[in-house]
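# Structure at a glance
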Amino acid sequence: MTFLLPEMLWLLALLPAAALAYVLLLRRRKKLVAHFPNLALVRGAMGPRASLRRHLPPLLFFLGLAAALLAAARPAASLRLPYAYDTVILTLDISRSMAADDVKPTRLAATQAAVRGFIAGQPRHTRIGLVAFASTAAVVQTPTTDAESVLAALDQLQLQNSTAIGTAVLVSLGAIFPERQFDLYRNSRGARGLLGERERAALEESAPKPVAPGSYKSAVIVLLSDGSATTGVHPIEAARIAADTGVRIFTVGVGTPNGRVTLPNGAEIRVVPDEETLKEMAAITKGDYFYAGSAPDLTQIYSRLAQNLSAEKKNQEISAVFAAVAALLFLCGAAMSAVGAKI
């Protein structure tokens, strides 16, 4: 818990002063009772329970004062509040390495099963898009509220060569911002730039001004990969572009260190996810990274993602709660004091 006006916490110094004043008042009463023996006899006949009850109203007033002083400092707490993104782009790696069977039955089949569960857990009004990437990236399903269309596109995915993680991010951004252009050949590996210097400069000038990373609350990208980028835009540069748009990227690395695939020539190669790059991409965009080494891991991750995307952590002011508690304590103290006076 934090305080928006921490300087007001100095007012808590009134609490010891109030406690001291109460103790001095009790001593003064004792001296007064000593001068009137009949009052002492009456109080003795009431018993210790009644004497203890006499201190409850001041105690409630004391606690109420403490709550009121804390409310004056405007406390705030990090709370998970219900929230739903308008658009979720599922960006999936369909490179040949997704045929590895270290994640049963295969990395691709386990991913498809986990994504089906994620889609089923999304609110009906959330638009879901599907981007697949290998040597390049493409939108295989534009964002839609029709879950059946997304599932049908998911089932049609076919494995291809290479891995263009960075290009996939830019294509995903294009699905979120269809009115904007993103240079898919910006600093590409092994690809000739289609835009000249003038065209690229004009494109950058026309782009909206950068916003704070993670500040765009209408859409999010969930990207899964099981290897390292071998072509296309550099993933870190693509992540920085995404950060400038405010879109968060949640990355998922799938596969174990023992994952292997067989090439057409019969040779076997080891394929492992580039966790460091995926972690950095998530950090740059204020997203999160998840690692899945098995099919149950994938299911759990996408289930957790579905929950995370339906609730958002916010630093919410809760001074009203403390003020309400203070008012309740003051009322209870006043009521008990009134009842005690009648008795």
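Up top is the structure.
Because the structure is predicted, anything quoted here is derived from the model rather than measured. (Residues numbered from 1 in each chain as written. Predicted model: local features only at pLDDT ≥ 70, side-chain atom pairs only at ≥ 80, totals over all residues. Heavy atoms only, no water.)

### Considering the overall build of the protein chain
The helix and strand tally for the protein chain stands at eleven helices and eleven strands. Residues counted as buried form 40% of the 343 residues belonging to the protein chain. Within the protein chain, residue pairs in contact and separated by at least 24 positions form 81% of the contacts whose partners lie at least 6 positions apart. Accessible area for the protein chain stands at about 18700 Å²; split by element, carbon and sulfur atoms hold 59% of it. (Helix = DSSP H or I, 4+ residues; strand = E, 2+ residues; numbered from the N terminus. Buried < 20%, exposed > 50% of the residue type's maximum accessible area, 1.4 Å probe, protein only. Contact = heavy atoms within 4.5 Å. Areas by Shrake-Rupley, 256 points an atom, 1.4 Å probe, with all protein chains shown as cover.)

### Comments concerning the environment of Gly293
By the secondary structure assignment, Gly293 is in the loop between strand S10 (289-292) and helix H10 (295-308). Sequence-distant contacts of Gly293, defined by excluding residues within four places in its chain, comprise Asp102, Val103, Gly255 and Thr256.

### Details of the side chain of Ser95
Relative to the helices and strands, Ser95 is located in the loop between strand S3 (87-93) and helix H4 (107-120). Accessibility expressed as a relative area gives 2% for Ser95, which makes it buried. A distance of 3.0 Å separates polar atoms of two side chains, one belonging to Ser95 and the other to Ser97. Ignoring any residue separated from it by four or fewer positions in sequence, one finds Ser95 in contact with Phe133, Ala134, Leu159, Gln160, Ser162, Thr163 and Asp226. (Polar contact = N/O pair within 3.5 Å; in protein donor to acceptor, adjacent residues only side chain to side chain.)

### A short note on the packing of H4 against helix H5 (residues 147-155)
Running from amino to carboxyl end, H4 crosses H5 at an angle of 175°, the nearest separation of the two axes being 11 Å. When the axes of H4 and H5 are compared, the pair comes out roughly antiparallel. Each of Gln112, Val115, Arg116 and Ile119 in H4 lies in contact with H5, whose residues at this interface are Ala147, Val150, Leu151, Leu154 and Asp155. Here the contact of H4 with H5 is composed, by residue class, of six nonpolar, one polar and two charged. (Axes fitted to C-alpha atoms, helices over the stretch in contact; angles between N-to-C directions. Parallel < 35°, antiparallel > 145°, perpendicular 65-115°, else oblique. Nonpolar A, V, L, I, M, F, W, Y, C, P; charged D, E, K, R; others polar.)

### Some details on helix H6 (residues 165-176)
With twelve residues, H6 extends 17 Å from end C-alpha to end C-alpha; this agrees with the ideal 16 Å at 1.5 Å per step. Across the twelve residues that make up H6, a large majority, eleven, are buried. Every buried residue of H6 is accounted for by Ile165, Gly166, Thr167, Ala168, Val169, Leu170, Val171, Ser172, Leu173, Ala175 and Ile176. (Expected span 1.5 Å × (residues − 1).)

### Focus: helix H9 (residues 275-284)
Of the residues making up H9, those classed as buried are Thr277, Leu278, Met281 and Ala282. Buried residues of H9 fall within an arc of 135° about the axis and therefore sit on the same side. Among the exposed residues of H9, those oriented more than 90 degrees off its buried face are Glu276 and Ala283. Tucked into the core, H9 has its buried residues touching H6, strand S6 (219-225), helix H8 (235-245), strand S7 (248-254) and S10. (Arc of directions from axis to C-beta.)

### A few points about a nonpolar patch on the surface
On the surface, Leu56, Leu59, Leu63 and Met336 cluster together into a nonpolar patch covering about 300 Å² of accessible area. Tallying contributions element by element places helix H3 (residues 56-72) first for the nonpolar patch, with three residues. Here Met336 shows up in helix H11 (residues 319-342). Of the residues examined, Met336 reaches a relative accessible area of 31% and is grouped as partly exposed. (Patch = residues over 30% accessible without salt bridge, like charges linked within 9 Å, V, L, I, M, F, W, Y side chains within 5 Å. Salt bridge = Lys/Arg side-chain N within 4 Å of Asp/Glu carboxyl O.)

### Let's talk about the sheet that holds S6
Note on sheets: strands pair through backbone hydrogen bonds, and any given pair is parallel or antiparallel. One open sheet accounts for six strands, arranged S5-S4-S3-S6-S7-S10; its pairing is mixed. Each of the sheet's edge strands pairs with one partner strand only, and the pair in question is strand S5 (137-144) and S10. On average, each strand axis in the sheet is tilted by 15° relative to the strand beside it, whichever way the strands run. Bridge count between S7 and S10: four bridges; the pairing is parallel. Bridge assignment links Thr251 to a residue of S10, and that residue is Tyr289. (Pairing = 2+ DSSP bridges.)

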